[in-house]
Amino acid sequence: MTTPTSIALKITDQQHELIIKSTGQALHGRIRVPGDKSISHRSLMLGALAEGETIIHGLLLGEDPRSTAECFRAMGATISKLNAEEVRVNGIGLGNLQEPEDVLNTGNSGTTTRLMLGILASHPGKFFTVTGDRSIRSRPMSRVVKPLQQMGAQIWGRNENSLAPLAIQGQALKPIHYHSPIASAQVKSCILLAGLMTQGQTTITEPALSRDHSERMLRAFGAELSVDSETNSVTITGQARLKGQTVIVPGDISSAAFWLVAGAIVPGSDLTIENVGVNPTRTGVLEALAQMGADIALENQREVAGEPVADLRVRHSKLKACTIAGDLIPRLIDEIPILAVAATFAEGTTVIRDAEELRVKESDRITITATQLNLMGASITELPDGMEIVGGKSLRGAEVDSHTDHRIAMSLAIAALNATGVTTIHRAEAAAISYPDFTATLQQVTPE
Ligand code: S3P
């Protein structure tokens, strides 16, 4: 019998310190992760824009989708929790958004901000203002403002209309074919949502395929959409009418990734994460971990409401370094901090390139991942567009900080499970952005 790992949470003011003293206890059990964040946002937005009722099963009740719900409530949608599992959205119909009396606050959520801008800019005669927290107010919005302006949108903000707070005067837009310089589902979805309200065909081409949840869900709600997979182009025909649907949100593979890495690095572990979305535009993390020699099996593969789903079983194994770059990057962009944790324990040097987008996420995830893991004894060198990680290290507990980035907070907690001594993670409350029950599940897989 091993001594249990101790997990404690110290709450002062609004801030949490997560204190982990690992004994190297193996992780066991069957767990579930909360609903997919990307699909949750989209189900609330399309539900609000549709005619009739949308029922969402398994919605992520994290802070980011709550921001989306608040914004759409302020514009006339009714969103109510029916029970622990189901949320109902009474849509108002495309074009019928009410002008909100106050500023729309998107909190920490880039997806809410960017997708919603496409919707607001294409609602003629209405005026909107949008802002968010300190992170959102520093994140680049020109990537969506510029193509929207090409469609005729009127948007104002600081730094040549690229930083929130933003003011939007809704307009009847004109269709364009936009060639995006970045593979970003937020940019793609923003343009498709603007295209919903725009007469004619709006096309977006991206340099590599990003997550396609918008395409799947827009179709399911009745929009006319065509995809050219040779050129990574999507065309939407406006004006559309959307009809309320039942959406079943699978578990978030980005949240499952923390347990996949935990199970892979902690000796003796055998964990199953049930009901995880395995949409091929999101499974880059499984491919990277397979390259590293992780033992992960997809069990019980099935299709649920238009999205592929599986149970993921991970067992501890010896990891080796790999290279992560190119078209794989958009398919695992949110998992790079936790993959850096895996790489720290892998034999050899892992190189991550083509991931400059990480610098404009909730935090600069290249700098913050490197500095915080290095405080624990990792050897990570920053590259302009990635990291070089010398693996085969043993980590030691340290005082580290999430920098209010949810994925950094959780990555550090998983690193702490395989470190000696005590790790204190400051501002660990950030995890609630995408995973409110993270600490509870951490306790579940390391029972006393
Ligand atoms: C998201 C797209 C990704 C991802 C974000 C969620 C989405 O951003 O990082 O967490 O739901 O569309 P980009 O598309 O900007 O890379």
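- Per an unreviewed UniProt entry, the recorded name for the protein is 3-phosphoshikimate 1-carboxyvinyltransferase, and the organism is Phormidesmis priestleyi ULC007.
- In the Pathway (unreviewed entry) part of its UniProt record, the protein is described as follows: "Metabolic intermediate biosynthesis; chorismate biosynthesis; chorismate from D-erythrose 4-phosphate and phosphoenolpyruvate: step 6/7."

**A short note on the nonpolar core**
Phase 1 of the analysis: With 77 residues, the main nonpolar core has Trp259, Met376, Ile414 and Phe438 as its most contacted residues.
Phase 2 of the analysis: With 10 residues, the single largest contributor to this core is helix α8 (residues 253-265).

**A word on the site of the ligand**
Phase 1 of the analysis: Taken together, Lys37, Ser38, Arg42, Thr111, Ser184, Ala185, Gln186, Arg211, Ile333, Asp334 and Lys361 make up all the residues around the ligand.
Phase 2 of the analysis: For the ligand, an oxygen atom lies 2.7 Å from a polar atom in the side chain of serine 38.
Phase 3 of the analysis: In this structure, aspartate 334 approaches the ligand through a side-chain N or O atom, which is 2.6 Å from an oxygen atom.
Phase 4 of the analysis: Its free accessible area being 380 Å², the ligand has 96% of it covered by the protein chains.
Phase 5 of the analysis: With respect to the pocket detection grid, the ligand is positioned in the largest pocket.
Phase 6 of the analysis: Of all the elements in the fold, those that place two or more residues in the shell around the ligand are α1 (37-49) and α6 (185-196).
Phase 7 of the analysis: The element that contributes the greatest number of residues to the shell around the ligand is α1, accounting for three residues.
Phase 8 of the analysis: For the shell around the ligand, a count of residues per class yields two nonpolar, four polar and five charged.
Phase 9 of the analysis: The residues that make up the shell around the ligand include at least three from each of domain 1 (6-35 + 250-445) and domain 2 (37-248).

**Re the UniProt feature "binding site: 3-phosphoshikimate" (unreviewed entry) in the protein**
Phase 1 of the analysis: UniProt records the feature "binding site: 3-phosphoshikimate" (unreviewed entry) for Lys37, Ser38, Arg42, Ser184, Gln186, Asp334 and Lys361 in the present numbering. Of the residues annotated just before, the largest cavity has Arg42 among its lining.
Phase 2 of the analysis: Looking at the secondary structure, you find serine 38 in helix α1.
Phase 3 of the analysis: Residue serine 38 is classed as buried on the basis of its relative accessible area, which comes to 8%.
Phase 4 of the analysis: Those residues in contact with serine 38 that lie beyond four places of it in its chain are Arg211, His213 and Arg282.

**Some details on the packing of aromatic side chains**
Phase 1 of the analysis: Counting across every chain of the model gives four aromatic pairs.
Phase 2 of the analysis: Plain terms: the ring middles of tryptophan 259 and tyrosine 435 are 6.4 Å apart, the flat faces sit at 85° to each other, and that makes the pair edge-to-face. Taken together, the residues tryptophan 259 in helix α8 and tyrosine 435 in the loop between β26 (422-426) and α13 (438-445) connect sequence positions 176 residues apart. The residues tryptophan 259 and tyrosine 435 share a single accessibility class, namely buried.
Phase 3 of the analysis: Plain terms: the ring middles of tyrosine 435 and phenylalanine 438 are 5.5 Å apart, the flat faces sit at 75° to each other, and that makes the pair edge-to-face.

**Looking at the UniProt feature "active site" (unreviewed entry) in the protein**
Phase 1 of the analysis: Mapped onto the present numbering, the UniProt feature "active site" (unreviewed entry) falls at Asp334.
Phase 2 of the analysis: As for its placement among the helices and strands, aspartate 334 is situated in the loop between β19 (323-324) and α10 (336-345).
Phase 3 of the analysis: On the basis of relative accessible area, aspartate 334 is assigned to the buried category, the value being 12%.
Phase 4 of the analysis: The residues touching aspartate 334, leaving out its near neighbours within four places in the chain, are Arg211, Ser254, Lys361, Arg365 and Arg407.
Phase 5 of the analysis: Of the polar contacts made by the side chain of aspartate 334, one reaches the side chain of arginine 211; its length is 3.3 Å.

**Concerning the sheet that holds β26**
Phase 1 of the analysis: Read from one edge of the open sheet, four strands run β1-β2-β26-β24, paired in mixed fashion. The sheet terminates laterally at β1 (6-12) and β24 (399-401), the two strands that pair on one side only. Strand-to-strand twist in this sheet, taken as the mean axis angle between neighbours without regard to direction, amounts to 20°.
Phase 2 of the analysis: One ladder, built from seven bridges, connects β1 with strand β2 (residues 15-21); its direction is antiparallel. Looking at the pairing, serine 6 lines up with lysine 21 of β2.

What counts, and where the lines are drawn
- Residues numbered from 1 in each chain as written.
- Predicted model: local features only at pLDDT ≥ 70, side-chain atom pairs only at ≥ 80, totals over all residues.
- Heavy atoms only, no water.
- UniProt positions renumbered as here; feature names shortened; annotations may be inferred.
- Core = buried A, V, L, I, M, F, W, Y, C linked by side-chain atoms within 4.5 Å.
- Buried < 20%, exposed > 50% of the residue type's maximum accessible area, 1.4 Å probe, protein only.
- Helix = DSSP H or I, 4+ residues; strand = E, 2+ residues; numbered from the N terminus.
- Near = heavy atom within 4 Å.
- Polar contact = N/O pair within 3.5 Å; in protein donor to acceptor, adjacent residues only side chain to side chain.
- Areas by Shrake-Rupley, 256 points an atom, 1.4 Å probe, with all protein chains shown as cover.
- 1 Å grid on protein atoms, 1.4 Å probe; cavity = no way out; pocket = protein on both sides within 12 Å on 5 of 7 lines; lining within 4 Å.
- Sits in = over half its atoms within 2 Å of the grid points.
- Nonpolar A, V, L, I, M, F, W, Y, C, P; charged D, E, K, R; others polar.
- Domains from an automatic or database assignment.
- Contact = heavy atoms within 4.5 Å.
- Phe/Tyr/Trp six-rings, centres within 6.5 Å; stacked < 30°, edge-to-face > 60°.
- Pairing = 2+ DSSP bridges.
- Axes fitted to C-alpha atoms, helices over the stretch in contact; angles between N-to-C directions.

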